[in-house]
Amino acid sequence: SDHYMARPILLHSIRWISHRFLRLHGLGDTGAGWRPAMPIFRMPWAKFILPTAPVQPVTMNMGMSMTSWYDIKGLAPNEEQDEVGLERSRKIVEEIVRQEIANGIPSHRLVLAGFSQGGVMALLTGLRFGQRLGGIVGVSCYLPLAHTFPKAIHEANHHVPVLLCHQTDDPLVQYSFGQRTSTLLKESSEVPVEWRSYQGGGHGVSDQELLDIGAFLRRVLPERDDEGSTASMQGISITTIIEPPSI
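Residues numbered from 1 in each chain as written. Predicted model: local features only at pLDDT ≥ 70, side-chain atom pairs only at ≥ 80, totals over all residues. Heavy atoms only, no water.

1. With respect to the overall build of the chain
When its secondary structure is counted, the chain shows 4 helices and 10 strands. Starting at the N terminus and walking to the C terminus, you meet the elements of the chain as β-β-β-β-β-α-β-α-β-β-α-β-α-β. Here the chain holds 247 residues, and the buried ones make up 51% of them. Within the chain, counting contacts between residues at least 6 apart in sequence, those at least 24 apart form 75% of the total. Just so you have it, the chain exposes about 10800 Å², and 52% of that area is on carbon and sulfur atoms. (Helix = DSSP H or I, 4+ residues; strand = E, 2+ residues; numbered from the N terminus. Buried < 20%, exposed > 50% of the residue type's maximum accessible area, 1.4 Å probe, protein only. Contact = heavy atoms within 4.5 Å. Areas by Shrake-Rupley, 256 points an atom, 1.4 Å probe, with all protein chains shown as cover.)

2. Observations concerning the pattern of salt bridges
Using the criterion set out here, one finds 8 salt bridges in the structure. As a salt-bridge pair, E94 and R98 come within 3.2 Å of each other at their nearest N and O atoms. A residue pair is termed a helical-turn pair when its members lie 3 or 4 positions apart in one helix, as E94 and R98 do in helix α1 (residues 83-102) at 4 residues. The exposure class of E94 is buried, given its relative accessible area of 14%. You can call R98 partly exposed: its relative accessible area is 35%. For E194, the salt bridge is made with R219, and the minimal N-O distance between the two is 2.1 Å. (Salt bridge = Lys/Arg side-chain N within 4 Å of Asp/Glu carboxyl O.)

3. Topic: the packing of aromatic side chains
In the structure shown here, the tally under the stated rule is 2 aromatic pairs. Summarising the aromatic geometry, the rings of Y142 and F177 are spaced 6.0 Å apart at their centres and angled 85° between planes, so their arrangement reads as edge-to-face. You can see Y142 sitting in the loop between β7 (135-139) and β8 (162-167) and its partner F177 sitting in helix α3 (residues 175-188), a full 35 residues away along the chain. An angle of 55° between the planes, with centres 5.6 Å apart, marks the rings of Y175 and W195 as tilted. Here Y175 is found in helix α3, whereas its partner W195 is found in strand β9 (residues 193-198), with 20 residues between them in sequence. (Phe/Tyr/Trp six-rings, centres within 6.5 Å; stacked < 30°, edge-to-face > 60°.)

4. Quick look at the nonpolar core
With 36 residues, the main nonpolar core has L22, W69, L112, L127 and V162 as its most contacted residues. Of all the elements in the fold, those that place two or more residues in this core are β2 (19-24), α1, β6 (110-115), α2 (117-128) and β8. Ranked by the residues each element gives to this core, the list is headed by α2, at 6 residues. When residues no more than four places from it in sequence are discounted, the contact partners of L22 are I49, P51, V93, I96, V97, V111, L112 and A113. With 24 residues, the next largest nonpolar core counts W34, A37, L163 and C165 among its residues. (Core = buried A, V, L, I, M, F, W, Y, C linked by side-chain atoms within 4.5 Å.)

5. Let's talk about the packing of α1 against α2
If you want to describe how two helices pack, look at the angle between their axes and the distance between the axes. Relative to each other, α1 and α2 sit at 70°, their axes nearing to 10 Å. Between α1 and α2, the angle falls in the class roughly perpendicular. Of the two elements, α1 crosses α2, and the hand of that crossing is right-handed. Mapping the contact onto sequence places L86, S89, R90, V93 and E94 in α1 and V120, M121, L124, T125 and R128 in α2. Looking at the contact of α1 with α2 residue by residue, the class counts come to 5 nonpolar, 2 polar and 3 charged. (Axes fitted to C-alpha atoms, helices over the stretch in contact; angles between N-to-C directions. Parallel < 35°, antiparallel > 145°, perpendicular 65-115°, else oblique. Left-handed = near helix turned anticlockwise from the far one by under 90°. Nonpolar A, V, L, I, M, F, W, Y, C, P; charged D, E, K, R; others polar.)

6. Focus on α2
Residues spaced three or four apart along an α-helix point in a common direction, a consequence of the helix completing one turn every 3.6 residues. Under the 1.5 Å per step criterion, the end-to-end length of α2 is 17 Å for 12 residues, consistent within 8% with the ideal 16 Å. The buried fraction of α2 is high, at 11 of 12 residues. Turning to α2, its buried residues number three or more, namely Q117, G118, G119, V120, M121, A122, L123, L124, T125, G126 and L127. (Expected span 1.5 Å × (residues − 1).)

7. Notes on the environment of V55
Tracing the backbone shows V55 in strand β4 (residues 55-58). Spatially, the C-alpha atom of V55 lies 4.2 Å from that of T67, the residues being 12 residues apart in sequence.

8. Let's talk about the confidence of the model for the chain
Regions with low pLDDT should not have their predicted coordinates read in detail. The predicted model of the chain averages 83 in pLDDT, with 83% of residues at 70 or higher. Ignoring residues within four places in sequence, the model shows residues 228-247, a span with pLDDT below 50, making 51 contacts including any to other chains. (pLDDT = per-residue confidence, 0-100.)

9. A closer look at the pairing of β7
Both faces of the sheet carry side chains from a regular strand, because those side chains alternate between them. For β7, the tally of buried residues reaches 5 of 5 residues, placing the bulk of the element in the interior. By the alternation rule, side chains of β7 split into G135, V137 and V139 and I136 and G138, which are all buried. Pairing between β6 and β7: 5 bridges, direction parallel. Its bridge partner lying in β7, G114 is registered against G138. Chirality of the crossover, the property in question, places the unit of β6, α2 and β7 among those that are right-handed. Both β7 and β8 contribute to a ladder of 4 bridges, which runs parallel. Looking at the pairing, I136 lines up with V162 of β8. (Pairing = 2+ DSSP bridges. Right-handed = clockwise from strand over helix to strand, strands pointing away.)

Structure representation (structure tokens):
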């Protein structure tokens, strides 16, 4: 099927873990592409879930099929957006989140994050989600369907911590796109937004960004949370678990 979604890769520590970090990749990438970066976050009490997007034609890339959360017609500020594709992938991501909650993980111990297209999906899914999340991270991305916000933000996530990171020299997703997203959320909602800019990384993620994201994650997903639960573990054992496709 053109819309088959590859099975998520789950990286986790050797004992039961109490927190979840769902990380969404960019156009043409896979969940496995981000596997090497996960240990830098130093969170042995968290499971890292790295799903892969459906394979579908992408207009901007001459209709070639590749992993993509939604179709991209172009990168101009007023370009038509693939609302159908965005909604389809929002449901895919939300189903992964709901499965973790059904498995006993409180929603506030779960963070949605993503790079580029994945960051777009993290913002769209996280802000609309009907239960309080631990946080949202968007890297080199923008808020899609911006005209529906802030009304589209679910009341459960009116105060969800959001970290936005962007390279000033990004040649694909313009730096101004990220700035506008930060400004929109800060000026029209109660969402606490942290905006961080970087130089020289283009459309990529720098080492400093990874360190800053790790600091944010350890703050919003602490080893000991407000319910007093704790998970004391030594190091991370990276394991790949095969789960059924989400669709």
